[in-house]
Amino acid sequence: MESSMKPLGSDHVHYLKTFKVFLEHSTEHMCMEKFIDENLPDILVSIGNKGSSSLNVLGVGSGSGQIDLKILGRIQSKHPGLPIHNEVVEPNPEQISSYKELVKEKGQDLNVSFTWNQMRSEEYEKQNKERNESKKFDFIHMIQILYYVESVRDTIKYFHSILDTNGKLLILSVSDGSGWYPFWKRFASRFPSSSLFLEVHKTLDEMGMTYQIYELPSDIDITDCFIEGSEHGELLLDFLTEVKHFRKTAPADLKDEVFQYLGQPQNSREENGRIIFNNNLHAIVIDN
Ligand SMILES: C[S@@+](CC[C@H](N)C(=O)[O-])C[C@H]1O[C@@H](n2cnc3c(N)ncnc32)[C@H](O)[C@@H]1O
């Protein structure tokens, strides 16, 4: 029988619901904030051209901007007095609206102006090339988005090419030491989405790029996935498998295998009666 499974990315509204539940059940944003507070300030010291009167920042796949605003705050405190111009590339209109709301709510202390590009990174690249745009950036970040681009290699190559002197590119994605990597390696060929098991550092090695890499410990509480009828559990399962309505649409044998896999102690650990999946991230910093 042909599978009726649909990729999660085919429905932006549903995707967003699953992402919000994922954030509530994981330490994803917490571990990013820790990195921003503890490691990023030193990384940011050297960005910017001597004598330039402002800093240009680009966020690719910014979502609703919570992490981006933290980063902007850190950039400002490392370079006080320098105005920042921040470009946002984000295809989901709902996310852009939430980001704008957040700026209104929490961005008053920032000396930041914004350009909003509601589009995918590929369209942004195409548009810049068509317009012969020569703008360069002091800091570019791509946080948890490389799974969704057409070519990881081309995307990194393009955004690296638009770094200014002393510019830095920050990439955050799941670590190959996380639970995501073996999970996707095992099931990717049976899920409808393209591969989620990226090894960004290997791509960078193949491209001959040098970089610094940080491991950010993080967890997801996946207990609800095992509770039939739990709305959060179903949404979280959709996020893990990148399948819209996985529980309802996946073939029974695949569902059984996924639950069995996620429940095994070598794939998830038990803590205070909860089932915890490893969500460690890599932060990768590439210089110009
Ligand atoms: C997992 S979310 C991450 C959002 C945010 N960076 C964060 O960490 O909270 C992925 C984001 O990438 C966006 N996205 C998907 N494909 C994209 C593409 N080709 N170019 C730019 N952004 C993309 C999605 O709309 C979504 O907001």
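This text follows the structure it describes.
Keep in mind that this is a model prediction, so the values were computed, not measured.

S.K.: Break down the pairing of strand S5 (residues 137-143) for me, citing the residues and quoting the values.
M.R.: For S5, a buried count of seven out of seven residues is recorded, marking the element as mostly surrounded by other parts of the structure. With six bridges joining them, S5 and strand S6 (residues 163-174) adopt parallel strand pairing. Paired with Ile 143 across the strands is Leu 172, a residue of S6. Following the backbone out of S5, through helix H7 (residues 152-161) and into the adjacent parallel S6, one traces a crossover that is right-handed.

S.K.: Residue-level account of the site of the ligand, with values.
M.R.: Near the ligand you find 18 residues, and of these His 29, Gly 61, Glu 90, Ser 121 and Ile 143 are the closest. In this structure, an oxygen atom belonging to the ligand sits 2.6 Å away from a side-chain N or O atom of Glu 90. Contact between the ligand and Arg 120: a nitrogen atom at 3.4 Å from a side-chain N or O atom of the residue. If you list the elements that add at least two residues to the shell around the ligand, you get helix H1 (12-25) and helix H6 (121-130). Counted by class, the shell around the ligand contains seven nonpolar, eight polar and three charged residues.

S.K.: So what's going on with the side chain of Thr 223? Residues and values would help.
M.R.: By the element assignment, Thr 223 lies in the loop between strand S8 (219-221) and helix H10 (231-241). On the basis of relative accessible area, Thr 223 is assigned to the buried category, the value being 11%. Side-chain polar atoms of Thr 223 contact the side chain of Arg 274, separated by 3.4 Å. Contact partners of Thr 223, with chain neighbours within four places excluded, come to Gly 273, Arg 274 and Ile 275.

S.K.: Break down the sheet that holds strand S11 (residues 274-278) for me, citing the residues and quoting the values.
M.R.: Strands sit in the order S8-S11-S10 across an open sheet of three strands; the sheet is antiparallel. Each of the sheet's edge strands pairs with one partner strand only, and the pair in question is S8 and strand S10 (268-271). Between one strand and the next, the sheet's axes are offset by a mean angle of 35°, whatever the strand orientation. Across three bridges, the pairing between S8 and S11 is antiparallel. Its bridge partner being in S11, Asp 219 is matched across the sheet by Asn 278.

S.K.: Break down the nonpolar core for me, citing the residues and quoting the values.
M.R.: Most often, soluble globular proteins have nonpolar side chains that are buried together. By size, the foremost hydrophobic cluster in this structure holds 88 residues, and its most contacted members are Ile 156 and Phe 183. Among the elements that line this core, the one with the most residues is S6, at six residues.

S.K.: Residues and numbers for the side chain of Ser 175, please.
M.R.: Position of Ser 175 among the secondary structure elements: in the loop between S6 and helix H8 (180-187). Given the relative accessible area of 1%, Ser 175 is considered buried. If we ignore the near neighbours within four places in the chain, the residues touching Ser 175 are Tyr 181, Glu 215, Asn 280, Leu 281 and His 282.

S.K.: Help me get a handle on the pattern of salt bridges, residues and values and all.
M.R.: For the structure on display, the rule yields 19 salt bridges. Put simply, Glu 130 and Lys 126 hold a salt bridge, and the shortest N to O gap is 3.5 Å. You can see Glu 130 and its partner Lys 126 sitting in helix H6, four residues apart, about one turn around the helix. Residue classification places Lys 126 among the exposed residues on the basis of a relative accessible area of 52%. Salt-bridge contacts for Arg 190 lead to Asp 253; the nearest nitrogen and oxygen are separated by 3.8 Å. Taken together, the positions of Arg 190 in the loop between H8 and helix H9 (200-206) and Asp 253 in helix H12 (residues 252-263) put the pair 63 residues apart, joining distant regions of the chain.

S.K.: Run through unusual backbone geometry, naming residues and quoting values.
M.R.: What you tend to see is this: most non-glycine residues have negative phi, and most peptide bonds are trans. Positive phi values are uncommon outside glycine, yet Gln 144 reaches one of about 55°. Structurally, the position occupied by Gln 144 is in the loop between S5 and H7. Residue Asn 272 is not a glycine yet carries a positive backbone phi of 50°. Inspection of the secondary structure assignment puts Asn 272 in the loop between S10 and S11.

S.K.: Go over the packing of aromatic side chains with me, naming the residues and quoting the values.
M.R.: Two aromatic rings, taken as a pair, are described by how far apart their centres are and by the angle between their planes. The final tally for this structure, using the stated rule, is 25 aromatic pairs. Ring plane angle 10° and centroid distance 6.2 Å describe the contact between Tyr 15 and Phe 19, whose orientation is recorded as stacked. Pair noted here: Tyr 15 and Phe 19 are both in helix H1, with a separation of four residues, about one helical turn. Of the residues examined, Phe 19 reaches a relative accessible area of 17% and is grouped as buried.

S.K.: Give a description of the packing of H1 against H10 that names residues and reports values.
M.R.: Running from amino to carboxyl end, H1 crosses H10 at an angle of 105°, the nearest separation of the two axes being 8 Å. Considering their axes alone, H1 and H10 lie roughly perpendicular with respect to each other. Along its contact with H1, which presents His 14, Tyr 15, Lys 17, Thr 18, Phe 19, Val 21, Phe 22, Glu 24 and His 25, the element H10 presents His 232, Leu 235, Leu 236, Asp 238 and Phe 239. For the contact of H1 with H10, a count of residues per class yields seven nonpolar, four polar and three charged.

Parameters at a glance
- Residues numbered from 1 in each chain as written.
- Predicted model: local features only at pLDDT ≥ 70, side-chain atom pairs only at ≥ 80, totals over all residues.
- Heavy atoms only, no water.
- Buried < 20%, exposed > 50% of the residue type's maximum accessible area, 1.4 Å probe, protein only.
- Helix = DSSP H or I, 4+ residues; strand = E, 2+ residues; numbered from the N terminus.
- Pairing = 2+ DSSP bridges.
- Right-handed = clockwise from strand over helix to strand, strands pointing away.
- Near = heavy atom within 4 Å.
- Polar contact = N/O pair within 3.5 Å; in protein donor to acceptor, adjacent residues only side chain to side chain.
- Nonpolar A, V, L, I, M, F, W, Y, C, P; charged D, E, K, R; others polar.
- Contact = heavy atoms within 4.5 Å.
- Axes fitted to C-alpha atoms, helices over the stretch in contact; angles between N-to-C directions.
- Core = buried A, V, L, I, M, F, W, Y, C linked by side-chain atoms within 4.5 Å.
- Salt bridge = Lys/Arg side-chain N within 4 Å of Asp/Glu carboxyl O.
- Phe/Tyr/Trp six-rings, centres within 6.5 Å; stacked < 30°, edge-to-face > 60°.
- Parallel < 35°, antiparallel > 145°, perpendicular 65-115°, else oblique.

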